[in-house]
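Chain by chain, the residues run as shown.
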Amino acid sequence: MKNLLIIFLAITMIGCTYKPKSYASLEDYPEYRGTDMELAYSPEKSDFCVWSPAAQAVTLKIYDVANGGEPIEQYKMKPAEYGVWRFSVKKDLLGKFYTFQVAQGDSVYAETPGIWANAVGINGNRAAVIDFAKTNPDGWKNDVRPKMEHFTDAVIYELHYRDFSISETSGEQNKGKFLCLTENGTVSPDGEKTGLAHLKELGITHIQILPSYDYGSIDEAKLDENVYNWGYDPKNYNVPEGSYATDPANPYSRIFEFKKMVQTLHQNGIRVILDVVYNHTFVNENSHLNLLVPKYFYRFNADGTWSNASGCGNETASERAMVRRFIVESAKYWVNEYHIDGFRFDLMGIHDIETMKAVRAALDDIDPTISIHGEGWTAAGSPLPDEQRALKQNAPKFYPTAVFSDDIRDALRGNWTEGNKGGFIVGNGYEESVKFGIVGATAHPQVDMAKICHANSAYAAAPFQTINYVSCHDDPCFTDKMRAILPQTSENELLALDKLAQTIVLTSQGVPFIFAGEEIFRNKKMVHNSYNSPDSINQIDWTYKAKYRDLFDYYRDLIALRKAHPAFRMNTVKDIQDNLKFIDTEANIVAYTLNNHANGDMWKTILVIFNGNRAEVDFTLPAGDWTSVCFGGKIDLQGKDIFKDKIKISATSAVIVWQN
Ligand code: CA
């Protein structure tokens, strides 16, 4: 009653009696298609615009500071078309902060910077009025995306700024910051290249950075406490995270430094993929989405409780017009303002298919080589029917967006549903699932879909719809997983397992993906869900590079092999069906040939053999002389060794040979 009175007074104060529209359901809210959301700033005036159709009143509050204190000015915004509210402040607000406050029903909600805010103060509680022209590094207008013809040409490297640079051994100045990826010439205590130079030496084409939008779990005012988080807790979707900036209190710092990072990576031939988490927000009632348009952005169960397909307390409702629009426009914004080259959609299976298609169409209009992939699953059930969501099995319906292959991941290291049983690489079968991974989750006459560990159908309509990997930030990293499966194993055997697993990932059709640091044998001290573990668990120890130089060289050469040989990067199902033939083998061995100078390869026939047995095996080669490229845990692209008839393949290893 008290709230209603306040609202009544507030409405009468602005001199008109606005009667909010009532809607039968959230789906009936009108769609606003304007592009003038949030704030258009000039020194003469600031035009504010927010969408909140069921609000009774929206108040704009202007502040001198990013947190605390009282507003220096307040304005009642005016209702306008399609549920939009506007107000124009005819003075220069540069350097000020602002929020919106919505009154709806019986409630006056907490203040929010709005959901389209492009700049914020420390901790992202208030939006900042800044001059965007001053956020661009020198030469930004000439920044261009490194060339990429096909997504199958990508080698994706997933990293967290802090993992990558926080260790004393990184030799970097800007530890845990966006700028860690702008330093060049950094070295480990042993003189091995680290940071950006390390990425170039390795030869990856894309980095996928863990969430880099403003997230909520780290207090940006207390960075001396050195807290760590993966950042899957979105707060402001269209602003970079403050804790990765050198000065989170300066709204320009995070924006400028993020752009500087992208520019430097581009100058060094590396594309940047943003990990986006539109599927849920850090908090429910008090999220910026909910404070602006109560309930609209979320799904609910039939009993009115918040549905929770994310496992984080809520899930967004991309099927609603303005949620879809927000996701599409946000992705476009990161491309246009920050020159982002691709997106990894967290729990993409929560989003409806139409939204994923709309994102693809919008990015196609900018540059069709901007990549999109995502997790084709959810963390729990959703009220939106399966057939409408961007689940892995529905991938042909949202072609060409790619999905992660948990099939090859679990075929290699062991099915996550079976504890620490282990997979193909430790001699536990899964041959058919490995073959399914090798053909990039496409349909192939020699792959029996009834024997695949997760999938029931060949979900990739083209090989570039599959991301192949054996580990990522989630769950155990590779070495920890192997130690859990084989507690008594030797380090040499672990290294062999690592090489075999990544040889399969990097030679398979589709798009390979590796987790930062695994090329130098990183571990996470057996901590699996390390999302908020200390640096001591998550950091990459760069002294490992000298120690495990042989492993690093193997990864580097494997990437070079893939880049040099298009046979490993075919782009059509037909090409794979015509040119990739599996050979009948004994248990725990998978072998195939790539034939007919596949995809324009200089080699006529390539023979690839994976021995998952933990013992040496004899293998009978097809007729003719075969030149060795990969043998005995070494790769040599210029290899001269010739094999014929029979070869002995050592335990847990790959052989790649060719003939013309
Ligand atoms: Ca933050």
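Our subject is the structure listed above.
Quick caveat, the model's predicted, so the values are computed rather than measured.

1. So, the sheet that holds strand 5 (residues 78-79)
Think of a sheet as strands paired side by side through backbone hydrogen bonds, with each pair either parallel or antiparallel. The sheet built from four strands is open, its strands ordered 1-2-6-5 with antiparallel pairing. The open sheet has two edge strands, strand 1 (38-41) and strand 5, and neither has a second partner. Pairing geometry for strand 2 (residues 46-51) and strand 6 (residues 84-89), over six bridges, is antiparallel. Paired with F48 across the bridge in strand 6 is F87.

2. Some remarks on the sheet that holds strand 10 (residues 156-159)
The strand order around the closed barrel formed by eight strands is 10-11-14-15-16-17-18-19, and the pairing between neighbours is parallel. Adjacent strand axes in the sheet meet at a mean angle of 30°, parallel and antiparallel pairs treated alike. One ladder, built from two bridges, connects strand 16 (residues 371-374) with strand 17 (residues 402-404); its direction is parallel. Note on strand 17: the bridge partner recorded for H373 is A402.

3. Section: the coordination of the calcium ion
Around the calcium ion, the protein contributes the donor atoms D214 (OD), Y215 (O), E220 (OE) and E241 (OE), which lie 2.2 to 2.4 Å from the metal centre. Mapping the donors of the calcium ion onto the primary sequence yields the spacing D-Y-x4-E-x20-E. You can see D214 sitting in strand 12 (residues 213-215) and its partner E241 sitting in the loop between strand 13 (234-240) and helix 4 (251-267), a full 27 residues away along the chain. Here D214 matches E241 in class, with each residue buried.

4. Points about helix 11 (residues 491-507)
For helix 11, which comprises 17 residues, the first-to-last C-alpha distance of 24 Å matches the rise-based estimate of 24 Å (1.5 Å per residue) to within 8%. A large share of helix 11 lies buried, amounting to 14 of its 17 residues.

5. What to know about the packing of helix 6 (residues 321-338) against helix 7 (residues 353-366)
Following both chains from N to C, one finds helix 6 and helix 7 inclined at 30°, their axes separated by 9 Å at the closest point. Regarding the angle of helix 6 to helix 7, the classification is roughly parallel. Classified by chirality, the crossing of helix 7 by helix 6 is right-handed. Contact residues: R324, I327, V328, A331, K332, V335 and N336 in helix 6; E354, T355, A358, V359, A362, L363 and I366 in helix 7. Taken together, the residues that form the contact of helix 6 with helix 7 break down as nine nonpolar, two polar and three charged.

The rules behind these values
Residues numbered from 1 in each chain as written. Predicted model: local features only at pLDDT ≥ 70, side-chain atom pairs only at ≥ 80, totals over all residues. Heavy atoms only, no water. Pairing = 2+ DSSP bridges. Helix = DSSP H or I, 4+ residues; strand = E, 2+ residues; numbered from the N terminus. Axes fitted to C-alpha atoms, helices over the stretch in contact; angles between N-to-C directions. Donors = N, O, S within 2.8 Å, 3.2 Å for Na, K, Ca; no water. Buried < 20%, exposed > 50% of the residue type's maximum accessible area, 1.4 Å probe, protein only. Expected span 1.5 Å × (residues − 1). Parallel < 35°, antiparallel > 145°, perpendicular 65-115°, else oblique. Left-handed = near helix turned anticlockwise from the far one by under 90°. Contact = heavy atoms within 4.5 Å. Nonpolar A, V, L, I, M, F, W, Y, C, P; charged D, E, K, R; others polar.

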